[in-house]
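Chain by chain, the residues run as shown.
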Amino acid sequence: MTDHDQRYSKAVETDEEEARNIKPPYQTPKGVHDILPADHEYYTFVKKVVRHRLRQAGFRRISTPIFEFTDVFTRSIGAASDIVSKEMYTFKDRKDRSLTLKPESTAGVVRSYIENNMQVLPQPVELYYIEPHFRYDRPQKGRYRQFYQFGYEIIGESDPALDVQSIHLAWKILDDLGIAQIFTLQLNSIGCQVCRPQYVTVLKDFYFGKERSLCAECKHRIDKNALRLLDCKEEDCQILAQIAPKLSDYLCQECKQYHNDVKEFLTELKLSYNENPNLVRGLDYYTKTVFEFWDRTDGAQNAIGGGGRYDGLVELMGGPPTPACGFAAGMERIIANMKREKIRVPKKDDLHVFVAQLGKESKKKCLPLIAQLREAGIKTMGALGKGSIKVQMRLADKFKVPYTIILGLTEVREGTAIIRDMQVGTQKTVPFEDTVEEIIKLIGEEKRDIYSPGEAIY
Ligand code: AMP
């Protein structure tokens, strides 16, 4: 082994543990993380499932900008919500305008619906997104400062059947991902502009004189966002919330009927639910139906996603009165649950073949061979550096390829190639021009990775 080879193989063999112990000069800010290739296999799979289910249901994809004018969020989500009051990444641009990284997508989608005049399209307009979001939350397990959500909105129609469809779609996606059984569907109605204000007055009256038993945050909530008193996680606040007046007793006739219809349709679809009078969601824009999928063991702490109806939002943001409903789920939590359930996803990145070569003449033959193999749908990696055959074979082993093609000096001279079965350790020599065909036979026709975007263009 040459000096160079020795150094090369040493670098390849560097113990991963050792590498981790060397503190790098630059690290990600708190609460954000790289999505490394192994995790991307999960992200890709989740995205595929989401896109498939939503396409099937007639939804079309939308991406709103990563940042919007801050007003888009304050106006829609509500100044007293946790998101607006303490979790937004807000900054000034060079012209002193206030911008905010999107903490959720409904506000941006609604802004886009109005700005792009989507009310003239056949209604309802059904849109979905798969996007990064940003919240200045306290980082902890399942809670990050940049995270991905997929979600969808049905804008332009109000009917309990649509709310139920949106719940059913969410359940279908979780089921496709193999984790639906971990979650319970929590359901509530938070009324409308007619009945909710009356209930809020009753609720405030109930809390009058009990302020001392509340956590510091809930003390503020009484005036600013009384509904949130119901879903505080602090034990003392929860005790009071359990005995507080229930919104269901104050729903107007229309909301009551609407909610009963939602439940009836859910039963029709055999979707079981848990009526949860304390589920409020926390954003100002919701009306009537709200729902979340809670972890059976952890409850709200690890909700995978939630949604509901928001009939007043389009109008609130300057559009015509337009009912709507939607859902959003966190992809990091979905993936964490899939891993916990030991769900494995297709590993499409695994290589089929490694091509090892020796010297310039061999490289000249390797380059077109590698291109041909890839063209034929064989996932191929070429070791085109200066390492010896031995070093290259060790690399092939590390990449866990089932086959290696070796083009040494003899093979180049004789017009052949060696195909080595890496698992069994045997090898055979084939005519160079038959190499691709031989490899396809060994890998299996059905395993080829072929995509011809050119053919799809018209
Ligand atoms: P929300 O609209 O706030 O209920 O969020 C919907 C879903 O997005 C949650 O159920 C989580 O799965 C996910 N999510 C929300 N905030 C975060 C965060 N900071 N980090 C990771 N996932 C989040």
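Residues numbered from 1 in each chain as written. Predicted model: local features only at pLDDT ≥ 70, side-chain atom pairs only at ≥ 80, totals over all residues. Heavy atoms only, no water.

Section: a positive patch on the surface
Test applied: Like charges within 9 Å and nonpolar side chains (Val, Leu, Ile, Met, Phe, Trp, Tyr) within 5 Å are joined into patches, using only residues over 30% in relative accessible area that form no salt bridge. In these tables, accessible area is a Shrake-Rupley quantity obtained with a 1.4 Å probe, and a residue counts as shielded only by the protein chains included in the view. Should a side-chain nitrogen of Lys or Arg be within 4 Å of a carboxyl oxygen of Asp or Glu, the pair is scored as a salt bridge. Two residue types count as positive, namely Lys and Arg, and two as negative, namely Asp and Glu; His and chain ends fall outside the count. In plain terms, the charge of a residue is placed at NZ if it is Lys, CZ if Arg, CG if Asp and CD if Glu. Helix and strand labels come from DSSP, where a helix needs a run of H or I of at least four residues and a strand needs a run of E of at least two; each type is numbered from the N terminus. When accessible area is computed with a 1.4 Å probe and restricted to protein chains, residues below 20% of their type maximum are described as buried, those above 50% as exposed, and intermediate ones as partly exposed.
A cluster of basic residues, K48, R51, R55, R61 and K348, forms a positive patch on the protein surface. Here the positive patch gets three residues from one element, more than from any other, and that element is helix α3 (residues 37–56). Along the polypeptide, R51 turns up in helix α3. Taking relative accessible area as the criterion, R51 reaches 35% and is therefore assigned partly exposed.

Regarding the sheet that holds strand β6 (residues 146–155)
Worth spelling out the cut-off: Following DSSP output, two strands are said to pair if at least two bridges run between them. Residues count as neighbours in contact if any of their non-hydrogen atoms are within 4.5 Å of one another. Here the axes come from fitting lines to C-alpha atoms, over the contacting stretch only for helices, and the angles between their N-to-C directions go from 0 to 180 degrees.
Spatially, β1-β5-β6-β11-β10-β9-β7-β8 is the arrangement adopted by the eight strands of the open sheet, whose pairing is mixed. The open sheet has two edge strands, β1 (60–61) and β8 (274–275), and neither has a second partner. Pairing of β6 with strand β11 (residues 324–330), which is carried by seven bridges, proceeds in the antiparallel orientation. Bridge pairing in β11 places I155 opposite A324. In the packing of helix α7 (residues 160–176) onto the sheet, the strands contacted are β6, β7 (183–189), β9 (287–295), β10 (305–309) and β11, and the crossing angle to β9 comes to about 15°. Packing against the sheet, helix α13 (residues 331–340) makes contact with β5 (125–134), β6, β7, β9 and β11, and its axis sits at approximately 110° to β6.

Remarks on the confidence of the model for the protein
Applied cut-off: Here pLDDT means the predictor's own confidence in every residue, given as a number from 0 to 100.
Within the protein, residue pLDDT values average 92, and 95% of them lie at 70 or more. Overall, residues 1–14 carries pLDDT values under 50, and its contacts beyond four positions in sequence, including any with other chains, amount to 17 contacts.

Things to note about the packing of α3 against α7
Operational definition: Angular relationships are summarised with four words: roughly parallel below 35 degrees, roughly antiparallel beyond 145, roughly perpendicular across 65 to 115, and oblique for the angles in between. Handedness of a crossing follows from how the near helix is turned relative to the far one, being left-handed for an anticlockwise turn of less than a right angle and right-handed for a clockwise one. Three residue categories are used. Nonpolar comprises Ala, Val, Leu, Ile, Met, Phe, Trp, Tyr, Cys and Pro, charged comprises Asp, Glu, Lys and Arg, and polar comprises the others, including Gly.
Viewed as axis vectors pointing N to C, α3 and α7 meet at an angle of 140°, and their least axial separation amounts to 10 Å. When the axes of α3 and α7 are compared, the pair comes out oblique. The element α3 and its partner α7 pack so that their crossing is right-handed. Residues V49, V50, R53 and L54 of α3 pack against L169, K172, I173 and D176 of α7. Residue classes in the contact of α3 with α7 are distributed as five nonpolar, no polar and three charged.

Some thoughts on the state of the cysteines
How we decide: Throughout, disulfides are identified as pairs of cysteine sulfur atoms within 2.5 Å of each other.
Applying the stated criterion across every chain yields a total of zero disulfides. Here C252 is not cross-linked by a disulfide; its sulfur's nearest cysteine counterpart is in C255, at 3.6 Å. Classification of C252 by relative accessible area gives buried; the value is 18%.

Considerations on the pairing of β10
In terms of burial, β10 is largely enclosed, as five of its five residues are buried. The pairing of β9 with β10 spans five bridges and is antiparallel. Its bridge partner being in β10, F291 is matched across the sheet by G307. With five bridges joining them, β10 and β11 adopt antiparallel strand pairing.

Overview of helix α11 (residues 253–268)
We count it as follows: What a helix should span is 1.5 Å times the count of its residues minus one.
With 16 residues, α11 extends 23 Å between its outermost C-alpha atoms, agreeing within 8% with the 22 Å of an ideal straight helix rising 1.5 Å per residue. In this structure, the buried residues of α11 make contact with α7, β7, β8, β9 and β10.

Structural notes on the packing of helix α14 (residues 360–375) against helix α17 (residues 435–443)
Packing of α14 against α17 brings their axes to within 10 Å, and their N-to-C directions diverge by 40°. Between α14 and α17, the angle falls in the class oblique. You can see that α14 and α17 cross each other, and the crossing is right-handed. Residues L369, Q372 and L373 of α14 pack against T435, V436 and I439 of α17. Among the residues making up the contact of α14 with α17, the classes are represented as four nonpolar, two polar and no charged.

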